[in-house]
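# Descriptive structure summary
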Amino acid sequence: MASTVSLGKETLLEDGMPPAKKPRKLLPSLKTKKPRELVLVIGTGISAAVAPQVPALKSWKGLIQALLDAAIDFDLLEDEESKRFQKCLHEYKNLVHVAHDLIQKLSPRTSNVRSTFFKDCLYEVFDDLESKMEDSGKQLLQSVLHLMENGALVLTTNFDNLLELYAAHQGKHLESLDLTDEKKVLEWAQEKRKLSVLHIHGVYTNPSGIVLHPAGYQNVLRNTEVMREIQKLYENKSFLFLGCGWTVDDTTFQALFLEAEKHKSDLEHFMLVRRGDVDEFKKLRENMLDKGIKVISYGDEYTDLPEYFGRLASEIATRGRAGVPKEGQQLNGSAAAHAEITGCST
């Protein structure tokens, strides 16, 4: 065993390197879940971690700015219109309204024909995503895919299709769904389309399905059969929020999952977040507990998430394949699955 030397508060190994960070423990009530008991909710933080060089993936503001830049590059806006949108973004006006106005501007209707400039701008913003994925991000996507293949459902608030692209690179097909296709959404909620990703705001490859407010989903919201099946998921499964922050405050998410849910004490959902500022972490934990969500820290740095989630996914997938194994079997299976995940991430 290497000897250590102490310099002030920092302990170093004899070769000058700091000791390996102790892995953060997995929460028993989460790691003992089986994949089919989970719905993974993928937020902006995951896309930003997978392709950090794409500003449109990092935030609502980043996406709107990227669309605006594309519109300007294609000469789709007058100078005054461009300045007005830039001012709204700079002043952090209601971003949903700003995005809605920009989309309307890029999709003018003449008689019965709607132009597709919005589609052009979307494809420009999300161009060549596959080449922009980083290895640590691929490890995250492999962990998500690993759980999907073992029975977990996946929904996302993101417009990108990074998970679908990664799966295709692995020789596996994932279908992108949005809320405009009621039949497929119903089948997804009934677990008949497990290898599908539900994009509740839409996906850029289908611009007509992108809607920024629940009012745009009136067909789904009025379809009692679809809504009941969707809400049953939140009542009967555990949602695991990844890279989501305040997704539960998203109006579309609330309309789909929260408005009809009254028995909060029966829920057990989870949210993985960076610990960061202690006061902010405590505030978030208290706020989410009231919604039946346990907030769990995966570490102090964003870079801690791939390793933590990889271990968690391996543990859960192992249980899903073999029930609840004995302690020795559990560790061996988990280690083997983790090796499989990290091996695929390069």
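Reference entry: report on the structure contained in this document.

Applying the stated rule across the entire model yields 8 aromatic pairs. Considering the side-chain rings of Tyr 123 and Tyr 204, the 5.3 Å spacing of their centres and the 70 degrees angle between planes classify their relative orientation as edge-to-face. Of this pair, Tyr 123 sits in helix α6 (residues 117-125) while Tyr 204 sits in the loop between β8 (196-199) and α10 (218-222); the two residues are 81 residues apart in sequence, bridging distant segments of the chain. Ring geometry for Phe 239 versus Phe 253: centroids 6.3 Å apart, planes at 80 degrees, classification edge-to-face. Taken together, the residues Phe 239 in strand β9 (residues 238-242) and Phe 253 in helix α12 (residues 251-258) connect sequence positions 14 residues apart. Residue Phe 253 is classed as buried on the basis of its relative accessible area, which comes to 0%. Here a set of aromatic residues connected by ring pairs shows up, and it is made of Tyr 234, Phe 239, Phe 241 and Phe 253.

Right, let's talk about helix α9 (residues 182-189) for a bit. For α9, the complete set of buried residues consists of Val 185, Leu 186, Glu 187, Trp 188 and Ala 189. Elements that come into contact with the buried residues of α9 comprise β6 (153-156), β7 (175-178), β8 and α11 (224-236). The positive-phi residue at the C-terminal boundary of α9 is Glu 191, with phi of around 65 degrees.

What follows covers the environment of Glu 149. Relative to the assigned elements, Glu 149 resides in helix α7 (residues 135-149). With 168 residues separating them in the primary sequence, Glu 149 and Ala 317 have C-alpha atoms 9.0 Å apart. Setting aside residues no more than four positions away along its own chain, Glu 149 makes contact with Lys 172 and Leu 195.

At Asp 75, a position not held by glycine, the phi torsion is positive, near 55 degrees. One non-glycine residue, Glu 191, adopts positive backbone phi at about 65 degrees. In this structure, Glu 191 sits in the loop between α9 and β8. Taking the relative accessible area as the measure of exposure, Glu 191 reaches 29% and is therefore partly exposed.

Here we come to the sheet that holds β7. What the 7 strands build is an open sheet, ordered β7-β8-β6-β3-β9-β10-β11; its pairing is parallel. Of all strands in the sheet, those bounded by a partner on one side alone are β7 and β11 (293-299). Adjacent strand axes in the sheet meet at a mean angle of 25 degrees, parallel and antiparallel pairs treated alike. Across the sheet, α11 lies against β6, β9, β10 (269-274) and β11, angled at about 90 degrees from β9, the strand it touches most.

The next subject is the packing of helix α4 (residues 79-90) against helix α5 (residues 95-106). One can describe the packing of α4 onto α5 by two numbers: an axis separation of 10 Å at closest approach and a directional angle of 160 degrees. Here α4 lies roughly antiparallel to α5, going by the angle between them. Between α4 and α5 lies a crossing whose hand is left-handed. Packed against α4, whose contacting residues are Glu 81, Phe 85, Cys 88 and Leu 89, the element α5 presents Leu 95, Val 98, Asp 101, Leu 102 and Lys 105 at the interface. Residue composition of the contact of α4 with α5, by class: 6 nonpolar, no polar and 3 charged.

About the criteria used
- Residues numbered from 1 in each chain as written.
- Predicted model: local features only at pLDDT ≥ 70, side-chain atom pairs only at ≥ 80, totals over all residues.
- Heavy atoms only, no water.
- Phe/Tyr/Trp six-rings, centres within 6.5 Å; stacked < 30°, edge-to-face > 60°.
- Helix = DSSP H or I, 4+ residues; strand = E, 2+ residues; numbered from the N terminus.
- Buried < 20%, exposed > 50% of the residue type's maximum accessible area, 1.4 Å probe, protein only.
- Contact = heavy atoms within 4.5 Å.
- Pairing = 2+ DSSP bridges.
- Axes fitted to C-alpha atoms, helices over the stretch in contact; angles between N-to-C directions.
- Parallel < 35°, antiparallel > 145°, perpendicular 65-115°, else oblique.
- Left-handed = near helix turned anticlockwise from the far one by under 90°.
- Nonpolar A, V, L, I, M, F, W, Y, C, P; charged D, E, K, R; others polar.

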